[in-house]
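# Architecture at a glance
Letter by letter, the chains look like this.
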Amino acid sequence: MKLLFAGTPDFAAASLAALLAAGHTVLAVLTQPDRPAGRGMKLQPSPVKALALQHGLPVLQPTSLKTPDIQAELAAYGADMMVVAAYGLLLPPAVLALPRWGCVNVHASLLPRWRGAAPIHRAIEAGDAETGITIMQMDVGLDTGAMLLTRRTVLTPTDTTGSLHDRLAVQGGEAIVAALADWAALTAVPQPDAGVTYAHKITKTEAELDWAQPAELLARRVRAFNPFPGAFTVAAGGLLKIWAADADLAPTAAPAGTVLAADADGVRVATGQGTLVLTVLQAAGGKRLPVRDFLAGHPLPARLGAAV
């Protein structure tokens, strides 16, 4: 099949790699403009652009798809379909209508649950039992198009956004290849009205742990914000990143944020319901360390949190 591909991060690069490996002809790749990154803040290509250049594919990096010039350029390719995965730009109706069979999206949730920008984070934060990939026929709405194919995966108690992202990236590549291989037999199923949730974009400020919340929720948030933006709390005036933690549901009468114990097994912190046991920590300017190593050089106050 002759394809246009639109995507930007590693998640999308996995789908592009799978399509190329399956023998599809990728006529051109659309991706976000290069962004500054690293210590020197030099412009860096997106993972999708880097992969496209490795394969000698034309790369387009428009800041908008609404201009007649970019729409005419895309139309000239005469594509059968555009595959979109975590691209970062909305496709206007004129672009959606360009390919022979329209535009399809590789979305990292079981729609209609978790439409929007951060479906992987939000599934973990909410404690979902499963999630997956939906291949969707795109329309003008935000992840509202008809579903063509789904693939499911069970969330494990240790899944972080990082581990689940990597698993879904592979699954997304497999799913889009399977969908195109069986394209003529697929049935587009409208999304139900019931069960719609929105995965709002992650902000750094929401990663600060509120110790008045239940330990079970806080443990999920630690996993949901790993690797970005990283759950944190305030300790002795500085920020303390928390990269791994477990919930102990046994009740405690201590005020939320109280450090109940700190030893090689973990830093036990009272919450609004139960205790959160911190096991991997990082002081400001330091490295991620298992709790045993962290405590050897970083004393903790009796209370954690901004209100202390």
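Computed from a predicted structure; not experimentally measured.

Conventions and cut-offs
- Residues numbered from 1 in each chain as written.
- Predicted model: local features only at pLDDT ≥ 70, side-chain atom pairs only at ≥ 80, totals over all residues.
- Heavy atoms only, no water.
- Core = buried A, V, L, I, M, F, W, Y, C linked by side-chain atoms within 4.5 Å.
- Buried < 20%, exposed > 50% of the residue type's maximum accessible area, 1.4 Å probe, protein only.
- Helix = DSSP H or I, 4+ residues; strand = E, 2+ residues; numbered from the N terminus.
- Contact = heavy atoms within 4.5 Å.
- Lys, Arg positive; Asp, Glu negative; His and termini not counted.
- Salt bridge = Lys/Arg side-chain N within 4 Å of Asp/Glu carboxyl O.
- Polar contact = N/O pair within 3.5 Å; in protein donor to acceptor, adjacent residues only side chain to side chain.
- Pairing = 2+ DSSP bridges.
- Axes fitted to C-alpha atoms, helices over the stretch in contact; angles between N-to-C directions.
- Parallel < 35°, antiparallel > 145°, perpendicular 65-115°, else oblique.
- Left-handed = near helix turned anticlockwise from the far one by under 90°.
- Nonpolar A, V, L, I, M, F, W, Y, C, P; charged D, E, K, R; others polar.
- Expected span 1.5 Å × (residues − 1).

### Notes on the nonpolar core
- Grouped together as the largest cluster of nonpolar side chains are 44 residues, with contacts concentrated most on Phe5, Val83 and Ile135.
- It is helix α6 (residues 161-181) that contributes the most residues to this core, 7 residues altogether.
- Discounting residues that sit within four places of it in the chain, Ile135 has contacts with Val104, Asn105, Val106, Ala146, Met147, Leu148, Leu149, Ala175, Ile176 and Ala179.
- The next biggest cluster of nonpolar side chains, apart from the first, holds 21 residues, and it includes Leu60, Met82, Cys103 and Met138.

### Quick word on the side chain of Arg223
- Considering the arrangement of structural elements, one finds Arg223 in helix α7 (residues 215-224).
- We note that Arg223 is buried and unpaired, the nearest opposite charge coming from Asp159 at a distance of 6.2 Å.
- Within the structure, Arg223 has its side chain in polar contact with the backbone oxygen of Pro157 (distance 3.3 Å).
- If we skip the residues at most four places from it in the chain, Arg223 touches Ile124, Thr156, Pro157, Thr158, Asp159, Thr160 and Thr161.

### Concerning the sheet that holds strand β5 (residues 59-60)
- Overall, mixed pairing links the 7 strands, which are arranged β5-β2-β1-β6-β7-β9-β10 in an open sheet. At either margin of the open sheet sits one strand with a lone partner, and together these are β5 and β10 (147-154).
- Two elements, strand β6 (residues 81-85) and strand β7 (residues 103-107), share 3 bridges in a ladder whose sense is parallel. Directly across from Met82, in β7, lies its bridge partner Cys103.

### Describing the pattern of salt bridges
- This structure, assessed with the given rule, holds 9 salt bridges.
- Between Asp34 and Lys49 there is a salt bridge, with the nearest N and O atoms lying 3.2 Å from each other. Of the two residues, Asp34 sits in the loop between β2 (25-30) and β3 (35-37) while Lys49 sits in helix α2 (residues 47-54), which places them 15 residues apart along the sequence.
- What makes Asp34 partly exposed here is its relative accessible area of 25%.
- In this structure, Glu130 and Arg152 form a salt bridge, with 2.5 Å as the shortest nitrogen-oxygen distance. Separated by 22 residues along the polypeptide, Glu130 in strand β9 (residues 130-137) and Arg152 in strand β10 bring together distant segments of the chain.
- Residues participating in the shared-partner salt-bridge network are Arg122, Glu125, Glu206 and Arg221.

### Observations concerning the packing of helix α5 (residues 119-126) against α7
- Running from N to C, α5 and α7 cross one another at 160°; their axes reach a closest spacing of 7 Å. In terms of their interaxial angle, α5 and α7 are classed as roughly antiparallel. Two packed elements cross with a definite hand, and for α5 against α7 that hand is right-handed. Counted together, His121, Ile124, Glu125 and Ala126 of α5 and Leu217, Arg220, Arg221, Arg223 and Ala224 of α7 form the full contact between these two elements.
- Here the contact of α5 with α7 is built from residues that sort into 4 nonpolar, 1 polar and 4 charged.

### Digging into the pairing of strand β13 (residues 238-248)
- In this sheet, β13 lies alongside strand β12 (residues 231-235) in antiparallel orientation, the contact comprising 5 bridges. Within β13, the position partnered with Ala231 by the bridge is Ile242.
- Joining the antiparallel neighbours β12 and β13 is a turn of 2 residues, in which Ala236 adopts a positive phi near 55°.
- Two strands pair when backbone bridges link them, and β13 and strand β16 (residues 275-283) are joined in this way by 8 bridges, in the antiparallel orientation. Residue pairing across strands places Ala245 opposite Leu278, the latter belonging to β16.

### Focus on the environment of Phe232
- Mapped onto the fold, Phe232 is located in strand β12.
- Note: C-alpha distance between Phe232 and Pro93 (139 residues apart in sequence) is 42 Å.
- Apart from residues no more than four positions distant in its own chain, Phe232 is found in contact with Lys204, Ala207, Glu208, Leu209, Leu239, Leu240, Lys241 and Ile242.

### Some words on helix α1 (residues 10-21)
- Along its 12 residues, α1 runs 16 Å from first to last C-alpha, staying within 8% of the 16 Å computed at 1.5 Å per residue.
- Buried within α1 are the following residues: Phe11, Ala12, Ala13, Ser15, Leu16, Ala18, Leu19 and Leu20.
- Immediately beyond the C-terminal end of α1, within one or two residues, lies Gly23, with a positive phi of roughly 95°.

### A few points about unusual backbone geometry
- With an omega dihedral of 20°, the bond running from Asn226 to Pro227 counts as a cis peptide bond.
- Within the element layout of this structure, Pro227 appears in the loop between α7 and β12.
- The omega torsion across Phe228 and Pro229 is 0°, close enough to zero to call that bond cis.
- Here Pro229 shows up in the loop between α7 and β12.
- Although it is not a glycine, Met41 sits at a positive phi angle of roughly 50°.
- Take Met41: it is sitting in the loop between β3 and β4 (42-44).

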